[in-house]
Amino acid sequence: MKNSVKLILVGSVAGAVTGLLGAGGGMLLVPLLGLVSDFEPRQIFAASVCIIIPVCVASVISTWRSGIPWDILLPYLIGSCGGGVLAGAFGKKIPTKWLHRILGIMILWGGVRYLC
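Residues numbered from 1 in each chain as written. Predicted model: local features only at pLDDT ≥ 70, side-chain atom pairs only at ≥ 80, totals over all residues. Heavy atoms only, no water.

Here we look at helix α5 (residues 96–115)
Line of reasoning, step 1. The end-to-end C-alpha distance of α5 is 29 Å, a good match for the 28 Å that 20 residues give at a rise of 1.5 Å each.
Line of reasoning, step 2. Residues Leu99, Leu103 and Gly110 constitute the buried set of α5. For α5, the angular spread of buried residues about the axis comes to 35°, placing them on one side. Across from the buried face of α5, at angles greater than 90 degrees, the exposed residues are Lys97, Ile105, Leu108, Trp109 and Leu115. (Helix = DSSP H or I, 4+ residues; strand = E, 2+ residues; numbered from the N terminus. Expected span 1.5 Å × (residues − 1). Buried < 20%, exposed > 50% of the residue type's maximum accessible area, 1.4 Å probe, protein only. Arc of directions from axis to C-beta.)

Spelled out as structure tokens, the structure:
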């Protein structure tokens, strides 16, 4: 039960960050799940993807009336789904150590980009 509460809190943080900022919840999930779960590193990455999908759907639904330009976003969504499928297929072949490094670089790049 204690672990469930921690996981609910982690999910709430990821959902709040994604809802408020439009991104970032998935990047928070990986380190937070590492702290509060017994998952293996590869399971943490997979769980993060599985968790963030409904969070993103909830964010889309909650902002539906804000005038989302679907004609512009639809090609991007198709491409990103294809990229996700490819990453899922080939990600298993990338050592966990490198997945952590890639995630860290992406977090740093995003942070610097938004600060400048």
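Here's the deal with a nonpolar patch on the surface
Line of reasoning, step 1. Taken together, Val60, Trp70, Leu73, Leu74, Tyr76, Leu77 and Ile78 make up a surface patch of nonpolar side chains, about 630 Å² in accessible area.
Line of reasoning, step 2. Among the elements that take part in the nonpolar patch, helix α4 (residues 70–90) stands out by supplying six residues, more than any other.
Line of reasoning, step 3. Accessibility expressed as a relative area gives 46% for Leu74, which makes it partly exposed. (Patch = residues over 30% accessible without salt bridge, like charges linked within 9 Å, V, L, I, M, F, W, Y side chains within 5 Å. Areas by Shrake-Rupley, 256 points an atom, 1.4 Å probe, with all protein chains shown as cover. Salt bridge = Lys/Arg side-chain N within 4 Å of Asp/Glu carboxyl O.)

Some points on the packing of aromatic side chains
Line of reasoning, step 1. Per the counting criterion, the structure on display carries zero aromatic pairs.
Line of reasoning, step 2. The positively charged end of Arg101 is found above the aromatic ring belonging to Trp98, 4.7 Å away from the centroid. (Phe/Tyr/Trp six-rings, centres within 6.5 Å; stacked < 30°, edge-to-face > 60°. Lys NZ or Arg CZ within 6 Å of the ring centre and 35° of its normal.)

As for the nonpolar core
Line of reasoning, step 1. Val10, Leu29, Val30, Leu33 and Phe45 are the most contacted members of the largest nonpolar core, which totals 13 residues.
Line of reasoning, step 2. Residue assignment for this core shows that the elements contributing at least two residues are α1 (2–21), α2 (25–36), α3 (41–62) and α5.
Line of reasoning, step 3. In terms of residue count, α3 provides more of this core than any other element does, five residues in total.
Line of reasoning, step 4. The contacts of Val30, once residues within four sequence positions are left out, are Ile44, Phe45, Ser48 and Leu103. (Core = buried A, V, L, I, M, F, W, Y, C linked by side-chain atoms within 4.5 Å. Contact = heavy atoms within 4.5 Å.)

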